[in-house]
Amino acid sequence: MDSTQAVATSPYFPDHGDLRYQVRHYELTLDYRPETDRLTGSARIEALAAQGPDRLREFALDLADFRTGRVLVDGRAAHHTHRGGRLRIRPAEPPAAGAAFTVEVRWSGRPKPVRSPWGGIGWTETTDGALVASQPVGAPSWFPCNDRPSDKASYLISLTVPSAYTVVLGGRLLARTAHASTTTWVYEQPAPTPTYLVGLSIGPYRAVRLDDPQPGAVPQLGYVPARLLPYFEADFGRQPRMMRLFQELFGRYPFGEYTVVVADEELDVPVEAQGLSLFGANHLDGQRGWERLVAHELAHQWFGNSVTVADWRHIWLNEGFAKYAEWLWSERSGGPAAHALAAAAHRRLAALPQDLRLADPGRSRMFDDRVYERGGLTVHALRCTLGDRTFFGLLRDWTTVHRHSTVTTADFTAAATWHAGRPLDAFFTAWLTEPALPPLPAGTESG
Ligand SMILES: [Zn+2]
């Protein structure tokens, strides 16, 4: 039963997530000491048992190799085993189908990244603090969770660290309370958030406002090591303008605020989290050399974070649109037009093996550059096919209808077909299903 459930949960990660329940809210109380690299946590999880004929006799949370204390379900001690990253729980009084229940878990130990085909992901100790970027399966490296992208919940996270450190999480900082030598930071993320998008950084950061003088502008904040502040102001200076453009193109920004962190570390790539993006020191050069990535991560707030893939087969819906947002920003900020960037990407892809199916690339290729580039090209080809008016109407409708929910490729092709007012089967088969690279259509009126 468990394996059948798991396969349905996540074809690429059958050992993560559980469909037998859905989390509504995580309340996490954490304490982290960088000097000993020790994390102590307690979680109160509000969940709903799935509908069905049976009570919830057993379920699992994903949690890495920590020492766990007792587990309570609805306040009563529950039988549990903790092995291979799964905390399997049998409640003393199984919740009825469809009923709300609470789980309480305590854990402690040295957090370690989760091993994956892409190296360690999740909680990572840095030279002076910690960084958490969990996409796609790193969340159990620091808290017990239902680790599937289709389970989105709200969060209240309280984290105590030595007072020299700053804690940065996505969402609103509710309180910062100093004790004798430590400080407790309390953040709230009310928007539905999948586990992989709960990002975090702990470090000696300075806070910088990226102010937009327009009334009603989205609050934007940066957390940056002091030595990098001059670069940051140059490299992120146009982000408020980018935010205005993306709201015009993609609809209202989906969260209460947007925060960026620049860690004092080299990161291969920046990573998006909910209301937050994490960059490396190597993404600053003081000359806007990586501005396309500033656009890419911001665009994920709509594509991926608000409108989330139901499972990882559909990752092009995240990366194709974030890539295309890079090209749109270029086009609208005085750089090369999207069509020129698409033509260059098309030339690059034409020279590479054409053996990837964009709509289901397989786990080992979900972060292949070709998913990003062909994804961006598919979006551009659709724009060329529909024309700007219909295309941008489709984008705004997509982000509005599916705001804070989860989607599949079939949802997108149905929405595009509706906006086109004619069948697009041949178009989508060529771009999404067939590995061969289709020719790029002629450019649009403006691009
Ligand atoms: Zn991305």
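It should be noted that the structure appears before, not after, this text.
Asks: I tried to follow the pairing of strand β2 (residues 38-49) on my own but got confused; where do I start?
Replies: Along any regular strand, the residues point their side chains to alternate faces of the sheet. The pairing of strand β1 (residues 21-33) with β2 spans twelve bridges and is antiparallel. In the sheet register, Tyr26 faces β2, and the bridge partner there is Ile45. As consecutive antiparallel partners, β1 and β2 are separated by four residues, and within that stretch Asp37 has a phi angle of approximately 55 degrees, a positive value. By the bridge criterion, ten bridges tie β2 to strand β8 (residues 100-109) in an arrangement that is antiparallel. Each residue of the ladder has a partner; that of Ser42, found in β8, is Arg106.

Asks: Before we go on, may I ask you to explain the environment of Leu197 in this structure?
Replies: Relative to the helices and strands, Leu197 resides in the loop between β14 (182-194) and β15 (200-203). C-alpha separation for the pair Leu197 and Leu437, spaced 240 residues apart in sequence, amounts to 32 Å. Once residues lying within four places of it in the same chain are set aside, the contact partners of Leu197 are Glu272, Ala273, Gln274, Gly304 and Asn305.

Asks: I would appreciate a short explanation of the sheet that holds strand β3 (residues 59-62) in the present structure.
Replies: Pairing in this open sheet of three strands is antiparallel, and the strands run β3-β7-β6 from one edge to the other. The open sheet has two edge strands with one neighbour each: β3 and β6 (79-83). Averaged over neighbouring strand pairs, the angle between their axes works out to 20 degrees when direction is ignored. Relative to strand β7 (residues 86-90), β3 runs antiparallel, the two sharing four bridges. Counterpart to Asp62 in the pairing with β7 is Arg86.

Asks: Quick question: what am I supposed to make of the environment of Ala345 here?
Replies: Tracing the chain through its elements places Ala345 in helix α6 (residues 338-350). Taking the C-alpha atoms as reference points, Ala345 and Gly376, separated by 31 residues in sequence, lie 8.7 Å from one another. Apart from residues lying up to four places away in sequence, Ala345 is in contact with Trp327, Glu373 and Leu377.

Asks: Mind showing me how you'd approach the coordination of the zinc ion here?
Replies: When four donors bind a metal tetrahedrally, each ideal donor-metal-donor angle is 109.5 degrees, and when six bind octahedrally, the ideal angles are 90 or 180 degrees. Surrounding the zinc ion are the protein donor atoms His296 (NE2), His300 (NE2) and Glu319 (OE), at 2.0 to 2.1 Å. Donor residues for the zinc ion, ordered by position in the chain, follow H-x3-H-x18-E. Of this pair, His300 sits in helix α4 (residues 291-300) while Glu319 is found in helix α5 (residues 316-332), placing the two residues 19 residues apart along the sequence. Classification of His300 by relative accessible area gives buried; the value is 0%.

Calculation notes
- Residues numbered from 1 in each chain as written.
- Predicted model: local features only at pLDDT ≥ 70, side-chain atom pairs only at ≥ 80, totals over all residues.
- Heavy atoms only, no water.
- Pairing = 2+ DSSP bridges.
- Helix = DSSP H or I, 4+ residues; strand = E, 2+ residues; numbered from the N terminus.
- Contact = heavy atoms within 4.5 Å.
- Axes fitted to C-alpha atoms, helices over the stretch in contact; angles between N-to-C directions.
- Donors = N, O, S within 2.8 Å, 3.2 Å for Na, K, Ca; no water.
- Buried < 20%, exposed > 50% of the residue type's maximum accessible area, 1.4 Å probe, protein only.

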